[in-house]
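# Observations on chain architecture
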Amino acid sequence: MIQSKNSRLGDAVIVFICILLILVCFLPVLNVFARSLSDPMALVCREVYLWPKNLDVTAYTLVLKDAKYTWSLGWTAILTVICTLLSMTMTTLCAYPLIYQQLKGRKLINSFILLTMYFNAGTIPNFILFKDLGLINQPAVLIIPYTLSVFNMIIMRSFLQNIPESLRESAELDGAGPVRILVSIYLPLSTSVIATLSLFYAVGRWNGYSDALMFMNSNKPYYPIQLLLYYIIQSKTSVDAATQEGFTSPGASESIKAATVMIATIPILLVYPWLQRYFISGVTLGAMKG
Amino acid sequence: MKKLLALLLTSMLMVSLLAPVALAADAGFVDGKFTETRHITVEIFDRSTDGTIADDNVYTDFIKQGMLDKYNVEVEFVTVPRWEENNLIPTYLAAGSAPDVSYTYNDGAIYTYFMQDAVLDLQPLLDEYKDLIPDLSSLLGEANLTWKLDPMTGTNYAICARRMNVARINTFVREDWLKKLGLAVPTTTQEFEDMLVAFKNNAELLLGADADKMVPYAMTEDVGWKANNILYSFVPDEFTTDKYNYIYFDDRQFLLPGVKEGVRLLNKWFNDGLILQDFSLYAAGDETVNNLMKAGFVGAFEDNWDYPYYNGEESIHYMLQQAQGEDAVYIAIDPFKNDAGVTKKVNYSTNDRWIFFPYTNDEPLASLLYLNFIATFENRLFLQIGTEGINHEVTADGVIKSIPAEAGRNKMSSSNNIDTTMVINGLDLGDPAKTIQAMALGYAKVDPRFIETAYALALTNGVSYPNFNLGDIAAAEGMSNVLADKRKVVLNTAINASVENFDAVWDAGMADYMASGGQAILDERMAKWVAAFGE
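Residues numbered from 1 in each chain as written. Chains lettered and ligands numbered in written order. Predicted model: local features only at pLDDT ≥ 70, side-chain atom pairs only at ≥ 80, totals over all residues.

Another aspect to go through is the overall build of chain A. Of the regular secondary structure elements, chain A holds 14 helices and 0 strands. Walking chain A from its N terminus toward its C terminus, one meets helices and strands in the order α-α-α-α-α-α-α-α-α-α-α-α-α-α. For chain A, the share of sequence-separated contacts (at least 6 apart) that also reach a separation of at least 24 residues comes to 71%. (Helix = DSSP H or I, 4+ residues; strand = E, 2+ residues; numbered from the N terminus. Contact = placed C-beta atoms within 7 Å.)

What follows is the structure, encoded as structure tokens:
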């Protein structure tokens, strides 16, 4: 293909911008990584930028030796798997019927569902609701309320709508019912969107801490790892508390903070390469029609 | 039928009229003890301290057992994350699930809910049961019990915990640098400035290869705090009275007459290169400036009275010695004199947390007795110092020295169990001298002489302003964060200005501050003061 000078220049600019964006995302991670592996004194003297100085793995040994973190990591992993499976099941079961033209009140149902995207009750009504449901301080409060994301459901619905209707009709002629059609035809054709949405759900759950903070703060054994991380960082930086009380609570050292951040981030980062090949087709296909 | 309805309505009215009376008197309380076991829930801050469980340890057991034995009250603790109280307490109040005995530093939130009848008025309870809570009354005193007593309506929505230690802000300098340069400890503002200049001019001698990292005076964007003693020394002595403290409401004293001249001096220092040049970039929680101190590049600064010494092996004191040798230490000094030649500074008032009962509390007497129980000297003494041999040891001269406890049920989840003893902040051994000695020994890796000096200087000529509750300031509603941000902007832009532009920048900033609500609050406070006490 022959390219004009202009388009080559355009490509160069795009590549340059992409590289910049990559650096903006990657360098802070590298910095935290370097800090987690450096001697605390080097951190204090501001000598650590992108490469560890005086390699020191004490922070990692300390964090990994603490049963609190290892248990929380394991629990968060289990929680993520449960939530992802459950969310995908519910998302599929919600999206699938909505592609049937003959579903009565389809538009109404769609509008009701859509409404929840724009109007949210807010923290206090949610708190009261969960309290009345007996969910406060129960691990289930981390699972049930966020089982379905409307946004993800719409992506799923659009994706399913893009699968030719004739496939469904021929299956119907062969005598297959809606469930059979879903399992044997739609799901095998939807691997990319399933992978993508699973990733959305998994990352959301793994990174989430505010629900645990509001609704489950008295149930320590079931703290997700991000909430533990939040506490470690807060206890060090809560200057308001220090001024109120006239003294400062001791906090974790900077290298321990960095090591905890890395330990909480690496597992979910490792998931990306596995799902990457589905990722782009999954998101864009869903976006074509909606 | 009509008669029946009328009867029903009348009886309902009677019941509703009688309800408040029923709330006040508690017939089940006989000879100092409830005849049937009562149950209350009590808030406890949770700092997620390693090796502890905030609501399940030796101390919570002590309280539970003690309350059951003494009053026949069963206590259940409810944890609230320390750093989230501002979000969680209002949520709990709105949802009707706040613990029976709750506390927060955020009195604004309690007031908001009090206005909506979601918080109990404590004054009738305090009046009715005052004979049953002698220890609480003697610890807090009338001032703290009635801190929030409204002079017009007679309502009182919170009890104020007692702050024992009112030391606030100190000035610190590098003792080893003074010695190296043959300088005496500065005793005036001018000598302090000369010292900063000497630090700057001798950077090579003091820091060698790191000379370019020299910071004679360090601060952060919170100038009002990080230079508080300097700025307050510019306030004429006649304006350091209760009246002006009440009217010029800002908690960093930034509105008082004279402060502008203090800021002008900081502006000059900044332009002379004596102040950390990018100080405005460092917000609360940023460790950069602390790290500069730990690394040994900072000559002087102001902060909490014991700032360099707390936090053991993570403290500025200890890390600095690791980086620069044993002699490298910060000492507290007290050079800034006002126009009367006095090193006057602001100390804390005796107020601490706000304790309140939500409307869902149906055991007000048991709740007050709870407060009395933890205010009783022997009880709070145990809660503050723990067990001998585990949490503290007694030195040869009879001083209590705290020792770090092993992780587990005996370890305190907060310093002196501040979270378990909601009525008090700060060690109290009964004898002030003993308390100070014990406090000085309580800093791991720090020679007690530094603490004793710092404590004494922080209190020298310190003013601890009393509370004047002259009613609500309508103009202040919802303004505190806005004005605190504006204050930061005014101070930071003024110091960063060139010397010639200083007046213009300061005046413009202050005009904006006043127009944004500052003036309205000042006027209202002035009017309230005049109405209560005259000119």
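Still more ground to cover, so stick around.
Let's shift gears to the overall build of chain B. A count of helices and strands for chain B gives 21 helices and 16 strands. For 535 residues, the compact-globule estimate of 2.2 N^0.38 gives 24 Å, and chain B sits close to it at 26 Å. Overall size of chain B, expressed as C-alpha extent along the three principal axes, is 95 × 60 × 35 Å. Each of the 535 residues in chain B was classed as buried or not, and the buried ones make up 44%. By sequence separation, contacts in chain B at least 24 residues apart represent 76% of the contacts at least 6 residues apart. (Rg over C-alpha atoms; globule rule 2.2 N^0.38 Å. Buried ≥ 20, exposed ≤ 12 C-beta atoms within 10 Å, placed from the backbone.)

Residues and elements named next belong to chain B. At a minimum axis distance of 8 Å, the contact between helix H18 (residues 432-441) and helix H19 (residues 448-459) shows a crossing angle of 130 degrees. One way to sum up the angle between H18 and H19 is to call them oblique. Where H18 crosses over H19, the two elements pack in a sense that is right-handed. In this structure, H18 uses Ile436, Met439, Ala440 and Leu441 to contact H19, whose residues at the interface are Pro448, Ile451, Glu452 and Tyr455. (Axes fitted to C-alpha atoms, helices over the stretch in contact; angles between N-to-C directions. Parallel < 35°, antiparallel > 145°, perpendicular 65-115°, else oblique. Left-handed = near helix turned anticlockwise from the far one by under 90°.)

Residue and element names in this part refer to chain B. Strand order in this open sheet of 4 strands is E5-E12-E6-E15, and the pairing throughout is mixed. What marks the edges here is a single partner per strand, and that holds for strand E5 (102-104) and strand E15 (424-425). Pairing between E5 and strand E12 (residues 351-356): 3 bridges, direction antiparallel. When the bridges of E12 are listed, Thr104 appears paired with Trp354. (Pairing = 2+ DSSP bridges.)

Quick look at the environment of Val289 of chain B now. Structurally, Val289 of chain B is set in helix H14 (residues 288-295). The contact partners of Val289 of chain B, leaving out residues within four places of it in the chain, are Ala218, Thr220, Leu276 and Tyr282 of chain B.

This part covers helix H17 (residues 377-385) of chain B. Those residues of H17 of chain B not exposed but buried are Arg380, Leu383, Gln384 and Ile385 of chain B. Turning to H17 of chain B, the residues buried within the fold contact helix H2 (58-71), helix H16 (364-375), strand E13 (392-394), strand E14 (400-402) and E15 of chain B.

Moving on, we come to the environment of Thr188 of chain B. All names here are of chain B. Along the chain, Thr188 turns up in the loop between helix H7 (175-180) and helix H8 (189-201). By the C-beta count within 10 Å, which is 14 here, Thr188 ends up partly exposed. Separated by 14 residues in sequence, Thr188 and Arg174 place their C-alpha atoms 17 Å apart. Beyond its immediate sequence surroundings of up to four residues, Thr188 is in contact with Pro335 and Lys337.

The next subject is the pairing of E12 of chain B. All names here are of chain B. Most of E12 sits inside the fold, with 6 of its 6 residues counted as buried. In terms of strand pairing, strand E6 (residues 159-163) meets E12 through 3 bridges, oriented antiparallel. Residue pairing in the sheet places Cys160 in a bridge with Trp354 of E12.

Okay, unusual backbone geometry next. Notably, Asn54 of chain A is not glycine yet its phi reads approximately 50 degrees, a positive angle. Along the chain, Asn54 of chain A falls in the loop between helix H2 (40-44) and helix H3 (58-65). Phi at Asn72 of chain B is positive, roughly 65 degrees, even though this residue is not glycine. Along the chain, the position of Asn72 of chain B falls in the loop between H2 and strand E4 (73-81).

This part is about the confidence of the model for chain B. Residues and elements named next belong to chain B. Within chain B, residue pLDDT values average 91, and 95% of them lie at 70 or more. Between residues 15-24, whose pLDDT stays under 50, and residues either more than four places distant or in other chains, the model counts 3 contacts. Overall fold confidence (pTM) sits at 0.82, and the ipTM for the predicted complex is 0.76. (pLDDT = per-residue confidence, 0-100.)

Right, let's talk about the nonpolar core for a bit. Residues and elements named next belong to chain B. Judged by nonpolar contacts, the single largest core of 98 residues is most densely connected at Ile355, Tyr370, Leu371, Ile374 and Val423. Top contributing element to this core by residue count: H16, with 9 residues. With sequence-adjacent residues up to four places away left out, Tyr370 is seen in contact with Ile40, Val42, Met67, Val73, Val75 and Val101. (Core = buried A, V, L, I, M, F, W, Y, C linked by C-beta atoms within 7 Å.)

All names here are of chain B. The buried fraction of strand E3 (residues 38-46) amounts to 8 of the 9 residues, a majority that puts the element mostly inside the structure. Taken together, the 9 bridges between E3 and E4 define a ladder with parallel strand orientation. Across the sheet, residue Arg38 finds its bridge partner in E4, namely Val73. Each parallel crossover has a hand, and for E3 linked through H2 to E4 it is right-handed. (Right-handed = clockwise from strand over helix to strand, strands pointing away.)

Moving on, we come to the sheet that holds strand E7 (residues 169-174) of chain B. All names here are of chain B. Taken together, the 4 strands give an open sheet; going across it, the order is E8-E9-E7-E10, and neighbouring strands pair in mixed fashion. Only two strands of the sheet have a single neighbouring strand rather than two, namely strand E8 (215-217) and strand E10 (330-333). Geometrically, the sheet is characterised by an average inter-axis angle of 35 degrees between neighbouring strands, direction not taken into account. Contacting E8 and strand E9 (298-304), H8 crosses the sheet at an angle of about 175 degrees to E8.

So, about the packing of H2 of chain B against H16 of chain B. All names here are of chain B. Between H2 and H16, the least distance of the axes is 11 Å, while the angle of their chain directions is 120 degrees. Judged on the interaxial angle alone, H16 and H2 are oblique. Where H2 crosses over H16, the handedness of that crossing is right-handed. Listed contacts from H16 to Ile63, Gly66, Met67, Lys70 and Tyr71 of H2 are Ala366, Leu369, Tyr370, Phe373 and Ile374. Residues belonging to the contact of H2 with H16 are distributed by class as follows: 8 nonpolar, 1 polar and 1 charged. (Nonpolar A, V, L, I, M, F, W, Y, C, P; charged D, E, K, R; others polar.)

Within an α-helix, residues lying three or four positions from one another point in the same direction, as the helix has 3.6 residues per turn. For helix H4 (residues 67-95) of chain A, which comprises 29 residues, the first-to-last C-alpha distance of 41 Å matches the rise-based estimate of 42 Å (1.5 Å per residue) to within 8%. When we look at burial in H4 of chain A, the residues that qualify are Tyr69, Ser72, Thr76, Leu79, Thr80, Cys83, Thr84, Ser87, Thr91, Thr92 and Ala95 of chain A. (Expected span 1.5 Å × (residues − 1).)

Confidence in the prediction of chain A, expressed as mean pLDDT, is 85, and 89% of residues score 70 or more. In this model, residues 286-290 of chain A is a region of pLDDT below 50 whose contacts with residues beyond four sequence positions or in other chains number 10 contacts.

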